Amino acid sequence: MTTTQTDVDLSHLLRSDDFQDWRREVTAIGGCAAPIHLTGSSRIHDRDTGAVLAERDGDILAPCGNRRASVCPACSDRYASDAYHLIRAGMAGGKGVPDTAVEHPRAFVTLTAPSFGPVHTRRVSRRGLVVPCGCGDKHHPDDPRVGGATDPDGHDYIGAVLWQANAGKLWNRFAIRLRRTLAQMLGVKVRDFKDHARLSYAKVAEYQRRGLVHFHAVVRLDGPDGPTTRAPAAITTDGLNDAIRDAVRAVCLTVERPDGTPLLLEWGSQVDIRPITSTAAARLEDDDGEITDTALAAYVAKYATKGTGKSEATDRPIRDIAHLRHLDITDHHRRLIETAWELGGLDAYAELNLRRWAHMLGFRGHFLTKSRAYSTTFGAIRGERRTYRLGETLAALDTPAEPGSVLVVNDWQVAQIGHRNDAEREIALGIAERRREQRRTHYETRTEHGRTS
């Protein structure tokens, strides 16, 4: 059996004197796969007297905070958990959103990209049989051809990248049109819409196998002061759904191709709009095909941690197009990246900064965005976590103090990013996986107890 360098490093790490201390630090940050090594100090002062209540000097580890599961599973889990609470608060109440918000008209909307040429597909019939693709083959779920163009030379890669780069702008036009349509339904002018109702939403972008994003969005209609006020009685859930369909059909955006010909950008024909019900059911849908609060929040949060969906390599920026040949990606995704890179070199698309976003296949938007009044923010959720941890630290002091009565002064500098070798990273990943299994077991036990009690 051949001994690898990782085996040697692992043996050395396990026998080192500081292994237990290192393991304790990595466990404290959840098994982060790419920790930030900080050096410096942190002091907790009494606000009134200025006395130092606690201090720490030296080196510490901090989590990388990357939301992509392909980069860091541990930080991805934390991001997904925060996203879950953010999404669910806007549907079921909590974290500043009143419980009465569940009575407002709400819908779960999926908007897709249009077709830029036929791609390999895998569909299963109601009888469970795989339907032949247009190429004649019955693709396996892991077939790398699925999502790729059946005719690469005839595929509109330029159109696909330009649509992707402008998808955020297309969403903004959709939201504006939706408000205008709702205002018409209320019989008021658009500028007066905010005096009668507010449109709230949270959306997440997910990559399809063909490399283009589609948006999952929770849309809610509130009263003039947001979720604390009732939505106007004149617009029901059905009325909101009709307004959404109108906005999807009506909005478009025209840009120019490199040769100067116009390109019309609009939503794809596959549009799904479903009502949301308030139930603690574990299923995503109930018997009537309606979406449930709890499962939907988890469903949306899961997509907030995904990358391009095909390769870990494309989750990192590309600095030189020559590096593309070293990436383990499909030919279809390679063509999308090459097209984004080429367009990024043209003055006509300078404002799109496409070379910066070539690794994301041209998509320039945030993966999870929300309107201001939808619910809480990531900053608020993370602030609550910091306050909780500070409270734990203060409780352990000889003279406990309240978080509001102290001042924390941090003076840290980055010394290194990432683990020193693959052995450390493998152990960190194992720690993260064990924590994930513990949470899953705890959740299943609690759920089973709830069913039997």
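Just so we're clear, the structure is a prediction, and the values are computed from it rather than from any experiment.

Draft legend 1. The arrangement of the overall build of the chain in detail. Across its full length, the chain holds ten helices and 13 strands. When the 453 residues of the chain are sorted by exposure, 43% land in the buried category. Contacts spanning at least 24 positions in sequence make up 68% of the contacts within the chain whose residues lie at least 6 apart. About 24100 Å² of surface is accessible on the chain, with carbon and sulfur atoms providing 48% of the total.

Draft legend 2. Summary view of the packing of aromatic side chains. Summed over all chains, the structure comprises eleven aromatic pairs. Aromatic side chains Trp-163 and Trp-267 sit 6.0 Å apart centroid to centroid with 75 degrees between the ring planes, which places their arrangement in the edge-to-face category. Taken together, the positions of Trp-163 in helix H4 (residues 157–165) and Trp-267 in the loop between strand E9 (262–265) and strand E10 (271–277) put the pair 104 residues apart, joining distant regions of the chain. We classify Trp-163 as buried; its relative accessible area is 1%.

Draft legend 3. Just unusual backbone geometry, in detail. Of note, Lys-95 is a non-glycine position whose phi angle comes to about 55 degrees, a positive value. For Lys-95, the position within the fold is in the loop between helix H3 (73–92) and strand E3 (106–111). Of note, Asn-353 is a non-glycine position whose phi angle comes to about 50 degrees, a positive value. If you trace the backbone, Asn-353 turns up in the loop between helix H8 (331–344) and strand E12 (368–370). Residue classification places Asn-353 among the partly exposed residues on the basis of a relative accessible area of 36%.

Draft legend 4. View of the pairing of strand E6 (residues 198–207). Where burial is concerned, most of E6 is hidden: nine out of the ten residues are buried. In this sheet, strand E7 (residues 213–222) lies alongside E6 in antiparallel orientation, the contact comprising ten bridges. Its bridge partner being in E7, Arg-198 is matched across the sheet by Asp-222. Hairpin connection between E6 and E7: a loop of five residues separates the two successive antiparallel strands, and Gly-211 in this loop has a positive phi of roughly 90 degrees. With three bridges connecting them, E6 and E12 associate as antiparallel partners. Pairing of Val-204 across the sheet is with Leu-368, part of E12.

Draft legend 5. Local environment of the pattern of salt bridges. Within the structure shown, the criterion is met by 18 salt bridges. The residue Arg-439 makes a salt bridge to Asp-77 at a minimum N-O spacing of 3.0 Å. With Arg-439 in helix H10 (residues 422–452) and Asp-77 in helix H3, the pair connects residues that are 362 residues apart, well separated along the chain. Taking the relative accessible area as the measure of exposure, Asp-77 reaches 23% and is therefore partly exposed. Ionic pairing is found between Arg-274 and Asp-272, a salt bridge with its closest N-O pair at 2.8 Å. Among the residues examined, Arg-274 registers a relative accessible area of 24% and is labelled partly exposed. Look at the salt bridges and you will find they share partners, linking Asp-77, Glu-433, Arg-436 and Arg-439 into a network.

Thresholds, definitions, all that
- Residues numbered from 1 in each chain as written.
- Predicted model: local features only at pLDDT ≥ 70, side-chain atom pairs only at ≥ 80, totals over all residues.
- Heavy atoms only, no water.
- Helix = DSSP H or I, 4+ residues; strand = E, 2+ residues; numbered from the N terminus.
- Buried < 20%, exposed > 50% of the residue type's maximum accessible area, 1.4 Å probe, protein only.
- Contact = heavy atoms within 4.5 Å.
- Areas by Shrake-Rupley, 256 points an atom, 1.4 Å probe, with all protein chains shown as cover.
- Phe/Tyr/Trp six-rings, centres within 6.5 Å; stacked < 30°, edge-to-face > 60°.
- Pairing = 2+ DSSP bridges.
- Salt bridge = Lys/Arg side-chain N within 4 Å of Asp/Glu carboxyl O.

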